Amino acid sequence: MIHKVEGIVIRTIDYGESNKILTIFSRELGKIGVMSRGAKKPKNRLSAASQLFIYGTFVYQQSQGLGTLNQADIVDSFREVRSDLFRASYATYIVELTDKLTEERSRNPYLFELLYQTLYYLNEGIDSDVLLRIYEVKMLAVAGIKPELDQCVSCSSTELPVAFSIRHAGFLCHRCLHRDEKAFKLSAHSARLLRLFFYIDLHRLGQISLKKETKQELKEVLAAYYDEYSGLRLKSKRFLEQMERMGDL
Ligand SMILES: [Zn+2]
């Protein structure tokens, strides 16, 4: 059977001397795997489209098992992401997170849009820390581990929270702060942002600039939350951290 999908390559593995196995996150079918025969040879007609981050239309044949790619047309190759080591490492983390937190053939057009829009903004030079944090927050719902961001996780008060508890998976108000002595204290700004990142339609993201301390606060909270609940240890994340340390020097 022939399938045609619109998708983004989120993983590639070399297979044999000349082939690649592509993992594509598609609008129509969610995550799929296809064999791209000859893709490791530079002159092969499929090689340009058989690379990480490529957004394109993919035609493949599948009877059972892994499909075989017949044709691929590039819509966007995210050239700026590709040519910049920092942006490429952010994008690598985003696609790896997507790969690890989704099941094969679980359709999710919303996630496809989110992935596309995030790579598009990275390519346009929008603040990559902000994009990553938004992506991380939104992926928590995809992974089924969304924390309580609408009210205090302990007493349900909707006043502005003062902390985020990893243990209780959500915001704490000032009266309930004592419930978790290890809770991350949050500035009002960071608390609002965490909630905003969950609800924001990425298409509407304007220029957003955050102080370094705010970025750091959000990053630490989310890293701790992922460590506790996702079970993921991503190579791309470790690499990103090394890159960030280099950038700080
Ligand atoms: Zn409370």
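Identification of the protein chain as DNA repair protein RecO from Halalkalibacter alkaliphilus is taken from an unreviewed UniProt entry. The Function (unreviewed entry) field of the UniProt record for the protein chain holds the comment "Involved in DNA repair and RecF pathway recombination."

## Topic: the sheet that holds strand β8 (residues 184-185)
Taken together, 3 strands build an open sheet; the order of strands is β7-β6-β8 and the sheet is antiparallel. Because the sheet does not close on itself, it has two edges, and the strands there are β7 (170-172) and β8.

## Some details on the packing of helix α2 (residues 85-100) against helix α7 (residues 235-248)
Between α2 and α7, whose axes approach to 9 Å, the crossing angle comes to 155°. The orientation of α2 relative to α7 falls into the category roughly antiparallel. Where α2 crosses over α7, the handedness of that crossing is left-handed. The segment α2 lies against α7, with Leu-85, Phe-86, Ser-89, Tyr-90, Thr-92, Tyr-93 and Glu-96 engaging Lys-235, Ser-236, Lys-237, Phe-239, Leu-240, Met-243, Glu-244 and Gly-247. Classifying every residue of the contact of α2 with α7 gives 7 nonpolar, 4 polar and 4 charged.

## Some thoughts on the coordination of the zinc ion
Looking at the zinc ion, one finds its protein donor set to be Cys-152 (SG), Cys-155 (SG), Cys-173 (SG) and Cys-176 (SG), positioned 2.3 Å from the metal centre. Coordination at the zinc ion comes from 4 donor atoms whose angles at the metal span 106 to 116°, giving a geometry best classed as tetrahedral. Going along the chain, you hit the donors of the zinc ion in the pattern C-x2-C-x17-C-x2-C. With Cys-155 in the loop between α4 (128-142) and β6 (163-165) and Cys-173 in the loop between β7 and β8, this pair connects stretches of sequence that are 18 residues apart. Residue class for Cys-155 comes out partly exposed when judged on its relative accessible area of 36%.

## Some remarks on the side chain of Gln-117
Counting through the fold element by element, Gln-117 comes out in helix α3 (residues 109-124). Excluding residues within four positions of it along the chain, Gln-117 makes contact with Leu-202 and His-203.

## Observations regarding the pairing of strand β3 (residues 30-36)
Along a regular strand, successive side chains alternate from one face of the sheet to the other. Among the 7 residues of β3, 7 are classified as buried, and the element is accordingly described as predominantly covered. Relative to β3, strand β2 (residues 19-26) runs antiparallel, the two being bridged by 7 bridges. For Ile-21, the partnering residue across the bridge sits in β3 and is Met-35. Note that β3 and strand β5 (residues 67-76) share 2 bridges and pair parallel. Across the sheet, residue Val-34 finds its bridge partner in β5, namely Gly-67.

## Let's talk about the packing of helix α5 (residues 188-199) against helix α6 (residues 212-229)
Relative orientation of the contacting elements α5 and α6 amounts to 60°, with a least axis distance of 10 Å. Judged on the interaxial angle alone, α6 and α5 are oblique. Pair α5 / α6 crosses with right-handed handedness. Of the residues in α6, those in contact with His-189, Ser-190, Leu-193, Leu-194 and Phe-197 of α5 are Thr-214, Glu-217, Leu-218, Val-221 and Leu-222. Per-class residue counts for the contact of α5 with α6 are 6 nonpolar, 3 polar and 1 charged.

## Overview of the environment of Glu-148
Among the structural elements, Glu-148 can be located in the loop between α4 and β6. Spatially, the C-alpha atoms of Glu-148 and Phe-171 are 6.2 Å apart, while their sequence positions differ by 23 residues. Those residues within four positions of Glu-148 in sequence are excluded, and the remaining contacts are Val-153, Ala-169, Gly-170 and Phe-171. At a separation of 3.4 Å, a polar atom in the side chain of Glu-148 contacts the main-chain amide nitrogen of Gln-151.

## A closer look at α3
Taking 1.5 Å as the rise per residue, α3 with 16 residues should run 22 Å; its terminal C-alpha atoms sit 22 Å apart, in good agreement. Of the residues making up α3, those classed as buried are Leu-111, Phe-112, Leu-114, Leu-115, Tyr-116, Gln-117, Thr-118, Leu-119, Tyr-121, Leu-122 and Asn-123. Packing partners of the buried residues in α3 comprise β1 (2-15), β2, β4 (55-61), α1 (79-83), α2 and α4.

## Regarding α4
Here α4 spans 21 Å end to end across 15 residues, near enough to the 21 Å set by a 1.5 Å rise per residue. The buried fraction of α4 amounts to 13 of the 15 residues, a majority that puts the element mostly inside the structure. Sitting at the amino-terminal end of α4 is Asp-127, which places a side-chain oxygen 2.9 Å from the backbone nitrogen of Asp-129. Just downstream of α4, Gly-144 is the residue with a positive phi angle, here 75°.

Criteria and thresholds
Residues numbered from 1 in each chain as written. Predicted model: local features only at pLDDT ≥ 70, side-chain atom pairs only at ≥ 80, totals over all residues. Heavy atoms only, no water. UniProt positions renumbered as here; feature names shortened; annotations may be inferred. Pairing = 2+ DSSP bridges. Helix = DSSP H or I, 4+ residues; strand = E, 2+ residues; numbered from the N terminus. Axes fitted to C-alpha atoms, helices over the stretch in contact; angles between N-to-C directions. Parallel < 35°, antiparallel > 145°, perpendicular 65-115°, else oblique. Left-handed = near helix turned anticlockwise from the far one by under 90°. Contact = heavy atoms within 4.5 Å. Nonpolar A, V, L, I, M, F, W, Y, C, P; charged D, E, K, R; others polar. Donors = N, O, S within 2.8 Å, 3.2 Å for Na, K, Ca; no water. Tetrahedral: all angles 85-135°; square planar, octahedral: opposite > 155°, others 65-115°. Buried < 20%, exposed > 50% of the residue type's maximum accessible area, 1.4 Å probe, protein only. Polar contact = N/O pair within 3.5 Å; in protein donor to acceptor, adjacent residues only side chain to side chain. Expected span 1.5 Å × (residues − 1).

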